[in-house]
Amino acid sequence: MSQAEEWDEWESPSNVPYQPPPQRQFRQSFSKQFEINSNDLLMEIDSRFAGMVIGKGGVKIKSLRKESSAFISVIDSENYGSKVVKISGSAEAKELAQKLIKDIIAENDPNKILQKLQEESKASESVQSISNFDWDQLMLEQAENLKKKLAALPPIVKDFYKEHPEVSMMSDEEVEHFRVSKNNIMVKYIDENNVNPIPKPVLKFSHAFEDYPDILIEMQKQKFETPSPVQCQAWPIIMSGHDLIAIAQTGTGKTLAFLLPAFIHIDFQPTPRNERKGPSVLVLAPTRELVLQIESEVKKYSYKGIKAMSIYGGASSGKQKECLRNGVEIVIATPGRLNDFVGSGAIDLSDVTFLILDEADRMLDLGFEPQIRVSLLKVRPDRQTIMTSATWPPGVKRLAKSYTTNPIQVMVGSLDLTTVNTVKQDILIMEEEEKELWIEDFLKNCSEDDKVIIFVNRKVTVDQLSSDLSMKGFTVESIHGGREQCDREMALESLRNGEVSILIATDVASRGIDINDITVVINYDFTKDIEEYVHRVGRTGRAGKTGRAITLMTRRDWSKAKELVEVMEKSGQDVPPELKEMAKRYEAKRERERVEGGDRPFRSGRGGGRGFSRGDQGFSGNRRNNW
């Protein structure tokens, strides 16, 4: 299963222009293979749209059945590249179901999406497909068109900051020493030719919010003691009106870094809140879980009645649209569902003056850049933009260039992948069949105060492990991309409130889940890449607390050993000699393969082939006693 399949979001269609399949007489041949009667309505559709009709885990097709009262199923077609939708029920039900399915296809037809972009931007008629579309030219043309409209729009106020006297008195040397002491904060303009001064960091909450006592009251309710490093530097930058790019690892307080300035930004705009046509703040995030976590964070604060809502796939779009009609100031959305709402006119983004692209690197990893770009064409170009990311790859740099204006970059720690130093990392090397017994032994010895997340790579493993542990008397919850959204939310809430202390999950929970009292993370399966290892580990050791991460490695994981050693060394962890030896053996095998096979691709194989054996020194005997 691909990484993107773990996330229940709208997927962009293929770059091949969609052509409706020709009508064919296929009923007779299909009746021989499938249970089809003369009353059934058959629709032949392009196979690329079948997934959109079905939805992740069947969510969409269930919704269509419920809305139309017809029974709908998708079956194979005898024609290459096509699928058949079988619709059964009353004439009215079949007609409605057919209309709903046609609407889905029409909304996601690449040619129609492209046509809208061309009409809005007056782009060249020579543009033929999204794959070769000149996005930079589109952005320039769209910005030029929107500039003409800005004269009729009220101005945006962005600067709400007055430097505290204690901050003003700090010398350049004191500022630099403070930044180094706060996990080596590095701050600069992206444009190296910009020589304007950068706001100094604040040392405490009152330095940033002395003029906003309601914010300070809310902070006191949450019992926070001191700002996190990213907050110290981000607050004066954002509140001074600058665009910001915040590069920091998960669990470092990035959400609060943009949330509190957003409250102030909403409250002090010239246009009264009740006269705005839509939300003032838009937050885009890659996953449903992160969207819900940000919404939960907003609702912890009762600042002047500001309302927030989440928009994401897998939940009732009707209820979400109703909430929008009732009026909200903050919308937190996944790119896919937002794109749907923008296309249907269900949301008006013209009054968005504060934009946050949260976990920008993850949104790009999941392929959401086209949806982000299409949706943000509706947001006025003079808004203030905040981007957060754990890494700084070329794709994020490209987004930053497109959507920020003269931004300041704040980086906490290093651009290299590192885990937080509040988490102790243990690596256990064992055979695959030993894992379940180890998990059982470990959970039996956990204290009542422990909260444990067990990460696995496959949904079927989640279900199997959950069932096995439940049969052995453990109370567990589980989440993965195939579960209904309401079940996933209930599972997380049960872990938060202490009803259960063990959660088994795929990487759907590795980013953005903000449960501050997770004491142990267990990587039952090693991650698909080292970036996900960092984010899994980041689920514990949050909000200044300590945590523990235990990774169960088998010999088949040895290709990841070198990167794991590097990450552990950078975060000051004790690296087991066996792990270093594993990395050394893998690199030696790679070199041997190159010498023996020339340029043929290297395949690690199950268990590392001849590079490893059970009898190798350091990996034989009862390994559990070695840890």
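For the protein, an unreviewed UniProt entry supplies the name RNA helicase and the organism Sipha flava. Recorded in UniProt under Catalytic activity (unreviewed entry), the annotation for the protein is "ATP + H2O = ADP + phosphate + H(+)". In its Sequence similarities (unreviewed entry) section, UniProt records this for the protein: "Belongs to the DEAD box helicase family."

Notes on the sheet that holds strand S15 (residues 502–505)
With respect to topology, six strands assemble into an open sheet ordered S12-S17-S16-S13-S15-S14, the strand pairing being parallel. Pairing within the sheet leaves two strands with one partner each, and these edge strands are strand S12 (423–429) and strand S14 (477–479). Within the sheet, the average angular offset between the axes of one strand and its neighbour, ignoring direction, is 20°. Contacting strand S13 (452–455), S14 and S15, helix H20 (residues 459–471) crosses the sheet at an angle of about 155° to S15.

Section: the environment of glutamate 322
Along the polypeptide, glutamate 322 turns up in helix H14 (residues 317–326). A sequence separation of 24 residues divides glutamate 322 from alanine 346, and the C-alpha atoms of the two residues are 9.4 Å apart.

Observations concerning the nonpolar core
One finds Phe209, Ile215, Phe263 and Ile330 to be the most contacted residues of the largest nonpolar core, which totals 53 residues. With nine residues, the single largest contributor to this core is helix H12 (residues 254–267). Residues in contact with isoleucine 215, not counting those within four places in the same chain, are Phe209, Leu260, Phe263, Ile264 and Tyr303. Counting 33 residues, the second largest nonpolar core, distinct from the first, contains Met309, Val331, Phe368 and Leu399.

A short note on the side chain of glutamate 289
Considering the arrangement of structural elements, one finds glutamate 289 in helix H13 (residues 288–298). One polar contact links glutamate 289 to arginine 488, side chain to side chain, over a distance of 2.7 Å.

Structural notes on the pairing of strand S6 (residues 281–284)
The alternating pattern of S6 places Val281 and Val283 on one face and Leu282 and Leu284 on the opposite face, and all of these are buried. Here S6 pairs with strand S8 (residues 330–333) via four bridges, running parallel. Residue pairing for S8: leucine 282 is matched across the bridge by valine 331. Pairing between S6 and strand S9 (residues 354–357): four bridges, direction parallel. Note on S9: the bridge partner recorded for leucine 282 is leucine 355.

Comments concerning the environment of phenylalanine 474
By the element assignment, phenylalanine 474 lies in the loop between H20 and S14. Given the relative accessible area of 15%, phenylalanine 474 is considered buried. Remark: the alpha-carbon pair of phenylalanine 474 and lysine 444, spanning 30 residues in sequence, is separated by 8.8 Å. When sequence neighbours within four positions are dropped, the list of residues in contact with phenylalanine 474 reads Glu440, Leu443, Lys444, Leu469 and Ile502.

What counts and how
Residues numbered from 1 in each chain as written. Predicted model: local features only at pLDDT ≥ 70, side-chain atom pairs only at ≥ 80, totals over all residues. Heavy atoms only, no water. UniProt positions renumbered as here; feature names shortened; annotations may be inferred. Pairing = 2+ DSSP bridges. Helix = DSSP H or I, 4+ residues; strand = E, 2+ residues; numbered from the N terminus. Axes fitted to C-alpha atoms, helices over the stretch in contact; angles between N-to-C directions. Contact = heavy atoms within 4.5 Å. Core = buried A, V, L, I, M, F, W, Y, C linked by side-chain atoms within 4.5 Å. Buried < 20%, exposed > 50% of the residue type's maximum accessible area, 1.4 Å probe, protein only. Polar contact = N/O pair within 3.5 Å; in protein donor to acceptor, adjacent residues only side chain to side chain.

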